[in-house]
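These are the residues of each chain, in order.
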Amino acid sequence: MFISLFFSSLLEAVKKFVKTVCTSMFRDERGVLEPHADLLSVALAVIGFMVLAALMSQTYLGYEDRSFALENYESASLLAKNLAEAPALKAETSSLLSAAALDELSGPEGIRERERFFAAFSGNYLFLVEIRTGDGQWHWRIEPDNAEPESLMEGLEKVAASVPVVIELNPAESVPGILTVVLYKTAWK
Amino acid sequence: MKDFARDDSAWADFLISKAALILASIILFAALFHLVAGFEDLEAQEQLDSLARDFKNAVDETGARNFQEESQQEFQGEFQESSYCFEEKELFRDSPFGGDLKIRVSGEYVYLEIEADGKSFSAVRPFAFRVLPFNESVLQENLRIRFGAEGSRESPIIADYREVEAFLQVLGTKEAVLNPGKNISLNKELIYVKDQEGASAFVYILIFQ
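Rules and cut-offs
- Residues numbered from 1 in each chain as written.
- Chains lettered and ligands numbered in written order.
- Predicted model: local features only at pLDDT ≥ 70, side-chain atom pairs only at ≥ 80, totals over all residues.
- Helix = DSSP H or I, 4+ residues; strand = E, 2+ residues; numbered from the N terminus.
- Buried ≥ 20, exposed ≤ 12 C-beta atoms within 10 Å, placed from the backbone.
- Contact = placed C-beta atoms within 7 Å.
- Expected span 1.5 Å × (residues − 1).
- Pairing = 2+ DSSP bridges.
- Nonpolar A, V, L, I, M, F, W, Y, C, P; charged D, E, K, R; others polar.
- Axes fitted to C-alpha atoms, helices over the stretch in contact; angles between N-to-C directions.
- pLDDT = per-residue confidence, 0-100.

This part is about the overall build of chain B. In terms of helices and strands, chain B carries six helices and nine strands. Counting over 209 residues, chain B shows a buried share of 22%. Taking the intrachain contacts of chain B between residues at least 6 apart in sequence as the baseline, contacts between residues at least 24 apart amount to 68%.

Here's what the structure looks like:
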């Protein structure tokens, strides 16, 4: 009861104050604000312009930051499609990816095979190839041997593209999997 | 001086505030025009980047083409080398560059350069596949002079794999200037090598006019 009375009296006081201020402002003919109205509008225009310029530069910087991924996803996708058809990864008797060929290419003994596998691509693109079976049981990683160890580290800027593949584990068993090309940012890009 | 001090008509205030307004307006408009001009530069640069990217993608797609399909087509007499013409591209026609566009291609990159309104714009894009900036006969001649063989399936190069690779890399450092008005041929080529470890082939894309 007291609270509602208090709020209604408070509301009345506020209304009275606003009315007084508005009436006095409209009836004020001293013109305190009048000569400086154009200065205020110019100041507002300048502030607006600066905010616009700041927003645009922020947007451009954001685009620049993400341009590597935007530009290179297409290349990664093209490489992934190309590699899924590469004869070096395939079994001799079928058109499926061969686990034996992947073992050889990703293992320590496959230096010569890796060198020839990456020889088709220009040195401008630093990438590695990851192939894993759908159930995650098998995983192969093919890296170029001439790449510096720190150039393929986890924290670096990169973009990846994947294509579905079928992997022949042995002549009697083939499983679905994914081939992923991970493209790393180099000095070129 | 006395009159000046007693004058309360505020004409000096008025003049100073108007002068400040004029000055501020000039600066504001100059900044706006500068921003618009900056956007035009950015747009020209973006168009040049798009053109370079489009050409690079055309070259990479030629490189990514399946060899089995190609050899079958070649066997059936249907083989066609792909081509690219800047003037036929909508990107180029919509751009303000015209025939002043300079195109340079090397084994590593495509470099586009244009001068517009006294400003120079350039765009560089690297290729994903190995490229040589000349035609098949120049390549075969170079290989014949250096290794005594053309590198074809019938006449493979008999030399160390790395030696051939290094030689082709050096060949790729040459730059070719291309005409945007003429067709550019993009031809995928295999260079066969036989060494102690067996036979293998280099895949190269030849770019020429």
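Attention shifts here to the overall build of chain A. Counting secondary structure elements, chain A contains four helices and five strands. Ordered by position in the sequence, the α and β elements of chain A form the string α-α-β-α-α-β-β-β-β. Expressed as a percentage of its 189 residues, the buried residues of chain A come to 21%. Across chain A, the fraction of contacts at a sequence separation of at least 24, relative to all contacts at a separation of at least 6, is 68%.

A word on helix 2 (residues 11-64) of chain B. In this model helix 2 of chain B runs 78 Å from its N-terminal to its C-terminal C-alpha over 54 residues, within 8% of the 80 Å that 1.5 Å per residue would give. What helix 2 of chain B keeps buried is the set Leu48(B), Leu51(B), Phe55(B), Lys56(B), Val59(B), Asp60(B), Thr62(B), Gly63(B) and Ala64(B).

This brings us to the pairing of strand 2 (residues 126-133) of chain A. Residue and element names in this part refer to chain A. Bridge count for strand 2 against strand 5 (residues 173-184) is eight bridges, and the pairing is antiparallel. Residue pairing across strands places Leu128 opposite Val182, the latter belonging to strand 5. Where strand 2 meets strand 3 (residues 139-142), four bridges bridge the pair, whose relative direction is antiparallel. Residue pairing across strands places Val129 opposite Ile142, the latter belonging to strand 3. Turn length for the strand 2-strand 3 hairpin, with the two strands adjacent in sequence and antiparallel, is five residues, and the turn residue Gly136 shows positive phi of about 75°.

Facing 25 residues of chain A, the contacting portion of chain B comprises 24 residues. Among the elements of the structure, helix 2 (37-84) and helix 4 (111-118) of chain A are those that each provide at least two residues to the side of chain A that touches chain B. No other element matches the 14 residues that helix 2 of chain A contributes to the side of chain A that touches chain B. Here the side of chain A that touches chain B is composed, by residue class, of 14 nonpolar, four polar and seven charged.

Residue and element names in this part refer to chain A. Strand order in the open sheet made by the five strands is 1-4-5-2-3, with mixed pairing throughout. Lying at the two open borders of the sheet, with one neighbouring strand each, are strand 1 (97-98) and strand 3. Strands strand 2, strand 4 (158-170) and strand 5 of the sheet are contacted by helix 2, whose axis makes an angle of about 15° with strand 4.

Let's shift gears to the pairing of strand 8 (residues 184-195) of chain B. Where a strand is regular, its side chains alternate between the two sheet faces. Residue and element names in this part refer to chain B. With three bridges joining them, strand 1 (residues 82-84) and strand 8 adopt antiparallel strand pairing. Paired with Ser82 across the bridge in strand 8 is Leu186. Judged from the two bridges that link them, strand 6 (residues 157-158) and strand 8 form a sheet pairing that is parallel. What sits directly across from Ile158, in strand 8, is Lys194.

With that out of the way, let us pick up helix 5 (residues 136-147) of chain B. Along its twelve residues, helix 5 of chain B runs 16 Å from first to last C-alpha, staying within 8% of the 16 Å computed at 1.5 Å per residue. Looking one or two residues past helix 5 of chain B, Gly148(B) carries a phi angle of roughly 75°, positive in sign.

Right, let's talk about the confidence of the model for chain B for a bit. Residues and elements named next belong to chain B. With 90% of its residues at a pLDDT of at least 70, chain B reaches an overall mean of 84. Counting contacts from residues 74-79, a segment whose pLDDT is below 50, to residues more than four positions away or on other chains yields four contacts. If you check the scores for this complex, the pTM reads 0.75 and the ipTM reads 0.72.

A separate point is the sheet that holds strand 7 (residues 176-178) of chain B. Residues and elements named next belong to chain B. The strand order across the open sheet formed by four strands is 4-3-2-7, and the pairing between neighbours is antiparallel. Two strands close off the open sheet at either side, each with one partner strand: strand 4 (119-126) and strand 7. Going across the sheet, the axis of each strand differs from the next one's by a mean of 20°, ignoring polarity. Sheet topology places strand 2 (residues 102-105) next to strand 3 (residues 109-116); four bridges connect them, and they run antiparallel. Residue pairing in the sheet places Arg104 in a bridge with Tyr111 of strand 3. Together, strand 3 and strand 4 form the strand contacts of helix 2, whose direction differs from that of strand 4 by roughly 30°.

All right, on to the confidence of the model for chain A then. Chain-level pLDDT for chain A is 83 on average; 90% of the residues reach the 70-or-more range. The least confident element of chain A is helix 1 (residues 2-27) of chain A, whose mean pLDDT is 76; the most confident is strand 5 of chain A, at 92.

Residue and element names in this part refer to chain B. With respect to the element layout, Ile103 can be found in strand 2. Residue classification places Ile103 among the buried positions, given that 20 C-beta atoms sit within 10 Å. Separated by 48 residues in the primary sequence, Ile103 and Phe55 place their C-alpha atoms 11 Å from one another. Here Ile103 is in contact with Leu112, Val177, Leu178 and Pro180, once residues within four sequence places are set aside.

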